[in-house]
Amino acid sequence: MTAQPKVVIVGAGIVGCALADELTARGWTEVTVLDQGPLFATGGSSSHAPGLVFQTNSSKTMTEFARYTVDKYTDLSLDGQWCFRKVGGLEVATTPERVAELTRKRGWAASWGVRARLADPDECVALHPLLDREQVLAGLHTPDDGLAKALRAGEAQARRAEARGARFLAHHTVTGIESSGGRVTGVVTDVAGVGTGVGTEQAVFPADIVVSCAGFWGPKLGRMAGLTVPLVPMAHQYARTTPLPVLAGQNTELQEATKPILRYQDRDLYFREHVDRIGIGSYAHRPLPVDLDDLDDLDDLDHPAAPGGPVMPSMLAFTEEDFEPSWHDARALLPALAGAKVEEGFNGVFSFTPDGFPLLGEAPELSGFWVAEAVWVTHSAGVAKAMAEWLVEGRSRTDLHECDLNRFEQVQLAPAYVHQRSCQNFVEVYDIVHPLQPMEEPRPLRVSPFHARQRELGAVFLEASGWERPHWYEANAGLAEVSEIPGRGAWASRYWSPIAGAEALATRSRVALYDMTALKRLEVTGPGALAFLQRLTTNQLDKPVGAVTYTLLLDESGGVRSDLTVARLGERRFQVGANGMLDLDWFTRHLPDDGTVQVRDITAGTCCLGVWGPLARELVQPLTGADFSHRGFGYFKARQTYLGNVPVTAMRLSYVGELGWELYTTADAGQQLWDTLWRAGQPLGIVAAGRSAFNSLRLEKGYRSWGTDMTAEHNPYEAGLGFAVRMDKGDFVGREALVGVTEETVARRLACLVLDDPHAVVTGKEPVYVDGAPAGYVTSAAYGYSVGRSIAYAWLPATAAAPGTRVQVEYFGERLPATVAAEPLFDPEMARIRR
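Residues numbered from 1 in each chain as written. Predicted model: local features only at pLDDT ≥ 70, side-chain atom pairs only at ≥ 80, totals over all residues. Heavy atoms only, no water.

A. Structural detail: the overall build of the protein. Regarding its fold elements, the protein presents 18 helices and 43 strands. Its C-alpha atoms put the protein at 85 × 65 × 50 Å along the principal axes. A buried classification covers 60% of the 835 residues belonging to the protein. Considering only intrachain contacts with a sequence separation of at least 6, the fraction spanning at least 24 residues in the protein is 71%. Summing over all exposed atoms, the protein offers an accessible surface of approximately 31000 Å²; the carbon and sulfur share of this is 49%. Positive and negative side-chain charges in the protein, numbering 78 and 102 respectively, have mean positions lying 6 Å apart. (Helix = DSSP H or I, 4+ residues; strand = E, 2+ residues; numbered from the N terminus. Buried < 20%, exposed > 50% of the residue type's maximum accessible area, 1.4 Å probe, protein only. Contact = heavy atoms within 4.5 Å. Areas by Shrake-Rupley, 256 points an atom, 1.4 Å probe, with all protein chains shown as cover. Lys, Arg positive; Asp, Glu negative; His and termini not counted. Charge placed at Lys NZ, Arg CZ, Asp CG, Glu CD.)

B. Spatial organisation of the nonpolar core. In terms of nonpolar packing, the biggest core is built from 54 residues, with Y514, L753, V762, V768, V778, L796 and V807 touching the most fellow members. Not counting residues up to four positions away in its chain, the partners in contact with V768 are L753, A773, P774, A775, G776, Y777, V778, A794, L796, V807, Q808 and V809. With 50 residues, the next largest nonpolar core counts F65, A156, W370 and M387 among its residues. (Core = buried A, V, L, I, M, F, W, Y, C linked by side-chain atoms within 4.5 Å.)

C. Focus on the sheet that holds strand 27 (residues 512–515). Here 6 strands make up an open sheet; going across it, the order is 34-35-36-33-27-37 and the pairing mixed. Only two strands of the sheet have a single neighbouring strand rather than two, namely strand 34 (638–643) and strand 37 (687–689). Here the average twist between neighbouring strands, direction ignored, is 30°. Of the strand pairs in this sheet, strand 27 and strand 33 (residues 606–612) are connected by 4 bridges, and their pairing is antiparallel. For D515, the partnering residue across the bridge sits in strand 33 and is L609. Packing against the sheet, helix 12 (residues 498–509) makes contact with strand 27, strand 33 and strand 37, and its axis sits at approximately 120° to strand 37. (Pairing = 2+ DSSP bridges. Axes fitted to C-alpha atoms, helices over the stretch in contact; angles between N-to-C directions.)

D. Just the sheet that holds strand 28 (residues 521–525), in detail. An order of 29-30-31-28-32 is seen for the 5 strands of this open sheet, with the pairing classed as antiparallel. Where the open sheet ends on each side, the last strands, each with one partner, are strand 29 (548–554) and strand 32 (598–601). Averaged over all pairs of adjacent strands, the angle between their axes in this sheet comes to 30°, without regard to strand direction. Two elements, strand 29 and strand 30 (residues 560–570), share 7 bridges in a ladder whose sense is antiparallel. In the strand pairing of strand 30, L553 is matched with S562. Across the sheet, helix 14 (residues 581–589) lies against strand 28, strand 29, strand 30, strand 31 (573–577) and strand 32, angled at about 75° from strand 30, the strand it touches most.

E. Spatial organisation of the environment of E256. Tracing the chain through its elements places E256 in the loop between strand 17 (232–241) and strand 18 (261–264). Sequence separation of E256 and R272 is 16 residues, and the distance between their C-alpha atoms is 9.3 Å. Ignoring any residue separated from it by four or fewer positions in sequence, one finds E256 in contact with W82, K149, R152, N251, R272, E273, H274 and V275.

F. Spatial organisation of the pairing of strand 9 (residues 138–142). Across the 5 residues that make up strand 9, a large majority, 5, are buried. Residues A138, L140 and T142 of strand 9 are buried on one face, and the alternating residues G139 and H141, pointing to the opposite face, are buried as well. Sheet topology note: the strand 7 (residues 89–93)/strand 9 ladder contains 5 bridges and is antiparallel. Counted as the bridge partner of E91 is L140 from strand 9.

G. The packing of aromatic side chains, seen in detail. Across all of its chains, the model carries 31 aromatic pairs by this definition. Between the aromatic rings of F40 and F168, the centroid separation amounts to 5.8 Å while the plane-to-plane angle is 65°, which identifies the pairing as edge-to-face. Of this pair, F40 sits in the loop between strand 2 (31–34) and strand 3 (52–53) while F168 is found in strand 11 (residues 167–169), placing the two residues 128 residues apart along the sequence. In terms of burial, F40 and F168 fall into one category: buried. Every member of this aromatic cluster is reached through a ring pair, and the members are Y238, Y270, Y283, F346, F350, F352, W376, F426 and Y430. Above the plane of the ring of F633 lies R639, whose end atom (NZ or CZ) is 4.7 Å from the centre. (Phe/Tyr/Trp six-rings, centres within 6.5 Å; stacked < 30°, edge-to-face > 60°. Lys NZ or Arg CZ within 6 Å of the ring centre and 35° of its normal.)

H. Here's a closer look at the pattern of salt bridges. Throughout the structure, instances matching the rule amount to 55 salt bridges. K72 serves as the salt-bridge partner of E22, at 2.8 Å between the closest nitrogen and oxygen. Residue E22 is located in helix 1 (residues 14–25), and its partner K72 is located in helix 2 (residues 60–74); the two are separated by 50 residues in the primary sequence. Here E22 falls in the buried class, since its relative accessible area comes to 4%. Linked by salt bridges that have partners in common, D21, E22, R26, K72, R160, R164, K385, E389, E393 and R397 make up one network. (Salt bridge = Lys/Arg side-chain N within 4 Å of Asp/Glu carboxyl O.)

I. Quick look at the environment of L227. With respect to the helices, strands and loops of the structure, L227 is situated in the loop between helix 6 (218–224) and strand 17. Exposure remark for L227: the relative accessible area of 9% places this residue in the buried category. Separated by 165 residues in the primary sequence, L227 and M62 have C-alpha atoms spaced 24 Å apart. Each residue touching L227, except ones within four places of it in the same chain, is listed here: G222, A363, P364, F369, V371 and L405.

From the geometry alone we can't say anything about function, so treat these as descriptive.
Structure below.
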């Protein structure tokens, strides 16, 4: 690729326009933006978006996208007209449950740096006088939220991009994506005369990079590139009322609105002013998925629509029967609507994904073809900035793992799965969702070979990446340790049982089985396997066969992309314990062209049991002729042997801080492995234990969880993982960025907190206050049953991360005193794990 690549962006909605602006601002000026509709009301979601921007989200990444969008569009104007008005946002609660949720949300705002405050009913009415004071219990006021004019903001950014050399072409329908040797080379359209002619009715636009910003048309464009784009176009109702006398003279046509944008999430509604009218959006209706083939053609989009009819393909006919309950609820909240009518409405099409996050990144099998889809106006400029950084600099400065196109497992790309999960996300868009709450359907998708035995033991399953994962077992309700487990608050008690605490204590005192099958396993083989892994990871892997090493994947800027365990099972064969599909994608993209390295995902064909506890050796040693003594089978070692009749790869690792092994075998032998261990463990008091106990035990030992405790935004020394970096081993990805960096020089650190109140269990993402001001946020949290303390890990300024520092964790509005503690809290001498 040349220093100045040719970029073709497909889609001139607000995301495509924003990306063109961000790319050209960074010096990439050979940018062509194509759209099948007119400019800039192209017929997509941007063309009808009501423009409400609420910044605060449970996701730090999504909040950062929204905050950048607000900042950028506030400074934009088009021919003297505003692109963003900070009228503020107000979310009202009419139930005690929603009051608690808004209090939690205020905590997210503090964690992510968004101004927000809780308002009492009188303050809510003062902010938005149309509210019925008797209905409102509280509100969340966010003064920097407001209204975005999507078409104006899009065109304003397009003009800036054009001034730098970009071009925007209307009425160019993409009909194909050209490629050669696995790399994109051009975009074919149905209009000749602008690109390179390929026929009387077509043209091709040469491209080094193609970015699909086609919105809900993304799946259609993806198919041209051989890519599954997992989103579902959904219709969402929006209506405008007749003029309200109470609003007469309050807003000018130029202003449009002066009152805060309003959310009534208890009834799945939102509101905004349109001068003297009220706009009402509803998520309360049934999911209305849309077949792209049913949308109107864009050919006549430049012509006026019939009076009262839809004005573009993305605006479908209004279904009054779906809106009727919402209209009733709207008039109850805003009594001024009593004399009004719905003057006009439409069902607007926009995008939903299986997990509610955007789709960003490069196609796995067609280099140079990128997507930025399922992006709402709220996040448009922030996404464009991240994409431009990724393309130009090689990485986004904002962590994108939640949004990466390649995050999905293959089973999660099934059309039925994408449809069902996306529809459910529409239903739950304003619901109060617990962080552990799983989707209910379609399940089960993936089960380990131990599933039947787990069901017999009354396993309570949650779900992750399609896997059914036991969180505790009802069969353990009779354990004596259950009576020792303290209670906790209502929120923290959801998807939890005191049985989980008993399982943790049983692990510390006896021995337990943990199903680790869901963790991603990769096999790396070939004559170049060692050099390949050495280049990509931070620790020294050039060790004898049988060695296991904890190591990190970094990006070029030294950010932690993942953490891995790498077992050398042969001179040219390694087994890698990874975190998910993004690690497989990273490995695949870095494979050498000479065929000396092969990477294979072996997760589905294998399984794993963690056998941990002080009696672990007493359990496994009688089952094998191999020496499992400490001298014969040292810590961080691996060997292949048999347990009973089951061939296993045993690795002496422990993520819970106890003696034990991870035992791997093929999926067909998995149930036999369970049965062999279970029978042998009965005299030892063996228990099956779930993820809830596992999480508590790992936090007692200070073991990090990638994606929660650290991401690519953090370097190893900030995260307390400098021990996994060997700067003297030779070059590796990210090494240059770490030169001169130490744990003493970093400005922030991941710190261990213990709460004063042992019964106060937080759940993650809460703000942490130092000297009365928000200074960081919680990542992971759990009750430490072995240490009798409530534990939270949090990012803090380095000056506040020293052991002994007093802090406060805000949990549902209450500031809970806590202290930074030296880690690990449990067995700092590592005596139990190395016995």
